[in-house]
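Given next are the chains, with one letter for each unit.
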Amino acid sequence: MTGNESESELPVPPYPPIEPTAFDLIVIGTGLPESVISAAASASGKSVLHLDPNPFYGSHFSSLSIADLTHFLNSHSTPSSVCPDPLYSDVEISNYASRLLSQHPRNFNLDVSGPRVLFCADHAVDLMLKSGASHYLEFKSIDATFMLDADAKLCSVPDSRAAIFKDKSLGLMEKNQLMRFFKLVQGHLSLDESEENNVRISEEDLDSPFAEFLTKMKLPHKIKSIVLYAIAMADYDQEVSEYVLKTRDGINRLALYNSSIGRFQNALGALIYPIYGQGELPQAFCRRAAVKGCLYVLRMPVISLLTDQNSGSYKGVRLASGQDILSHKLVLDPSFTVPGSLASSHQQLQESFQAFSLSDNKGKVARGICITRSSLKPDLSNFLVIFPPRSLFPEQVTSIRVLQLGGNLAVCPLGMVSLDLLSPLPHQMEI
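Everything numeric here is computed off the predicted structure, so don't read it as measured data.

Engineer: Help me understand the sheet that holds strand 16 (residues 400-406), please; the structure alone is not making it clear to me.
Structural biologist: Spatial strand order, 8-7-15-16-17-14: six strands in an open sheet with mixed pairing. Unpaired on one side and paired on the other, strand 8 (154-156) and strand 14 (365-372) mark the two borders of the sheet. When strand polarity is set aside, the average angle formed by the axes of neighbouring strands in this sheet is 20°. As paired strands, strand 16 and strand 17 (residues 417-424) are joined by six bridges and run antiparallel to one another. From the neighbouring strand, V402 faces strand 17, where its bridge partner is L421. Sheet strands touched by helix 9 (residues 221-231): strand 7 (144-148) and strand 15 (383-387). Its angle to strand 7, the strand with the most contacts, is close to 125°.

Engineer: Would you explain the sheet that holds strand 5 (residues 118-119) in this entry?
Structural biologist: Within a sheet, neighbouring strands are paired by backbone hydrogen bonds and run either parallel or antiparallel to one another. Taken together, three strands build an open sheet; the order of strands is 5-9-6 and the sheet is antiparallel. Every other strand in the sheet has two partners, leaving strand 5 and strand 6 (139-142) as the edge strands with one partner each. Two strands pair when backbone bridges link them, and strand 5 and strand 9 (residues 271-274) are joined in this way by two bridges, in the antiparallel orientation. Its bridge partner lying in strand 9, F119 is registered against L271.

Engineer: Can you walk me through the environment of L425 in this structure?
Structural biologist: When you line up the elements, L425 lands in the segment after strand 17. Separated by 27 residues in sequence, L425 and T398 have C-alpha atoms that sit 7.0 Å apart.

Engineer: Explain the nonpolar core to me, please; I cannot follow it from the model alone.
Structural biologist: A general trend in soluble globular proteins is that nonpolar side chains are found buried together. Membership of the largest hydrophobic core comes to 45 residues, with the highest contact counts inside it found for F181, F210, L214, V227 and L254. For this core, the secondary structure elements donating two or more residues are helix 6 (172-189), helix 8 (210-216), helix 9, helix 10 (247-260), strand 9, strand 15 and strand 16. The leading source of residues in this core is helix 9, at seven residues. If near-sequence neighbours (up to four positions away) are discounted, F210 is found in contact with F181, V227, L228, A232, L245, K246, T247, G250, I251 and L254.

Engineer: Even after reading the chapter, I still don't get the pattern of salt bridges, so can you show me in this structure?
Structural biologist: A side chain with one charge can pair with a side chain of the opposite charge if their charged atoms come near. All chains considered together, the criterion is met by nine salt bridges. Notably, a salt bridge pairs D237 with R390, separated by 2.7 Å at the nearest N-O pair. One end of the pair, D237, is in the loop between helix 9 and helix 10; the other, R390, is in the loop between strand 15 and strand 16, and 153 residues separate them in sequence. Look at D237 and you get buried, because its relative accessible area is 4%. A salt bridge links R318 to D324; the shortest N-O distance between them is 2.7 Å. Through salt bridges with shared partners, a single network forms among E203, D207 and R248.

Engineer: Just to check I follow, could you spell out the packing of aromatic side chains for this structure?
Structural biologist: Both the distance between ring centres and the angle between the ring planes are used here to describe each pair of aromatic rings. Counted under the stated rule, the structure contains five aromatic pairs. On the numbers, 6.1 Å between centres and 45° between planes, the contact of F181 with F182 is tilted. Ring geometry for Y236 versus Y243: centroids 4.7 Å apart, planes at 45°, classification tilted. For Y236, a relative accessible area of 8% puts it in the buried group. Positioned above the aromatic ring of F146, the side-chain terminus of K377 is 4.8 Å from the ring centre.

Engineer: Explanation requested: helix 1 (residues 32-43) in the structure shown.
Structural biologist: For an α-helix, 3.6 residues make a turn, and residues three or four places apart therefore share a direction. Helix length check: helix 1 (twelve residues) gives 16 Å between terminal C-alpha atoms against 16 Å at 1.5 Å per residue, within 8%. Those residues of helix 1 not exposed but buried are E34, S35, S38, A39, A41 and S42. Buried residues along helix 1 sit against strand 1 (22-28), strand 2 (48-52), helix 11 (280-291), strand 10 (295-298) and strand 13 (324-332). Looking one or two places after helix 1, you find G45, whose phi comes out positive at around 95°.

Engineer: Would you mind showing me how to read unusual backbone geometry here?
Structural biologist: Note: most residues except glycine have negative phi, and most peptide bonds are trans. Geometrically, the link from E19 to P20 is a cis peptide bond, its omega value of 0° lying close to zero. Structurally, P20 is set in the segment before strand 1. Despite not being glycine, A152 has its phi angle at roughly 60°, a positive value. Position of A152 relative to the elements: it lies in the loop between strand 7 and strand 8.

Engineer: Hey, could you run me through the pairing of strand 17 in this one?
Structural biologist: A regular strand places its side chains on the two faces of the sheet in alternate fashion. The element strand 17 is extensively covered by neighbouring structure, given that six of its eight residues are classed as buried. Both strand 14 and strand 17 contribute to a ladder of eight bridges, which runs antiparallel. Following the sheet pairing, T372 is matched in strand 17 by V417.

Engineer: Is there a simple way to explain the packing of helix 6 against helix 9 in this structure?
Structural biologist: Relative placement of two packed helices is described by the angle separating their axes and the distance separating the axes. Running from N to C, helix 6 and helix 9 cross one another at 45°; their axes reach a closest spacing of 10 Å. Between helix 6 and helix 9, the angle falls in the class oblique. Viewed along their axes, helix 6 and helix 9 form a crossing whose handedness is right-handed. Contacts between helix 6 and helix 9 pair E174, L178, F181 and F182 from the former with K222, I223, V227 and I231 from the latter. Its residues assigned to classes, the contact of helix 6 with helix 9 shows six nonpolar, no polar and two charged.

Calculation notes
Residues numbered from 1 in each chain as written. Predicted model: local features only at pLDDT ≥ 70, side-chain atom pairs only at ≥ 80, totals over all residues. Heavy atoms only, no water. Pairing = 2+ DSSP bridges. Helix = DSSP H or I, 4+ residues; strand = E, 2+ residues; numbered from the N terminus. Axes fitted to C-alpha atoms, helices over the stretch in contact; angles between N-to-C directions. Contact = heavy atoms within 4.5 Å. Core = buried A, V, L, I, M, F, W, Y, C linked by side-chain atoms within 4.5 Å. Buried < 20%, exposed > 50% of the residue type's maximum accessible area, 1.4 Å probe, protein only. Salt bridge = Lys/Arg side-chain N within 4 Å of Asp/Glu carboxyl O. Phe/Tyr/Trp six-rings, centres within 6.5 Å; stacked < 30°, edge-to-face > 60°. Lys NZ or Arg CZ within 6 Å of the ring centre and 35° of its normal. Expected span 1.5 Å × (residues − 1). Parallel < 35°, antiparallel > 145°, perpendicular 65-115°, else oblique. Left-handed = near helix turned anticlockwise from the far one by under 90°. Nonpolar A, V, L, I, M, F, W, Y, C, P; charged D, E, K, R; others polar.

Shown next, in the form of structure tokens:
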């Protein structure tokens, strides 16, 4: 389960019968949510069987080599595949890129569904530390964040008091305004409400759009853009979009950003990223579950669900090997389907999974990965660039983020850098 394993080219082995044949829990799919559940159930003493029809760990959260990623995209996007996935219907790797990258040693991976940087104070980081999954991971710091300003220049995001004082792109008045705003936020978030200097933001303001609150605080446009899109990480244009960030949520995002700075000694900024990519996250929880007794079987599809003849309730699964395995509970990755079910209620069950997985879908995502020989900033390797709405062209209504990562994170060949572009798309746009 190491980050640089290449498994898609290995032959499918003939599996011996699984013993035992009954478990407290069966989990299908090794995505991050399923892996966390397996680790938690195993740690609490439950017997867990964790299955995945893929030859790798991570499902949509995986990080794969060029060869494995090409195989994955082909198997999930072509009409002839068993379960074509609309998430990857418009994705391809150019032949030139494949030939170029195949010339380098396969000691790097590409993330399947997009890079997910982590805040140092994120609950996910707390969970990894508390569960022990952090023992199987190594992170690198995202050393800086930049934003495209009105002059088409990449300006550093002043995310702390020290950074504000050092920032040469801000005037004295802008620095004072930003300092006063951060002081207001810190006072609102302070647990000691008895201090006279701590001013609480009113409930009316907390329920108002964050952009309106920033205007009420008389922050200039440049400072508003920094707060909204580079610190609070708003996805859509907050002046016209239907996806408006409330002040309460914006303040909470600022608090997360602020508490992330300086949490770890080796992290210069608020963000970190796992070596070998985000696919290491589910693998870390899988390793933790395995230590606690969870049994893992890859390349093993489930062909049907088993139900009790009298009650009609779930009682187990039938594997592609023909073996029936019983369990009290089942967790199924929503992206997987179980064809040929023995249960008449399986269609309703599958529809409920699909409805749940699509209920919060806000549209498509545009993504591109560029492997280049030179950095956008000659003196830095790992940093985030924010292009706020309307900064590139008038019709741009979403924030575009470009994460540059160097070869020290094993996401590109050594001596090169990876530029991973990610942007949500409005409903009316197609890729």
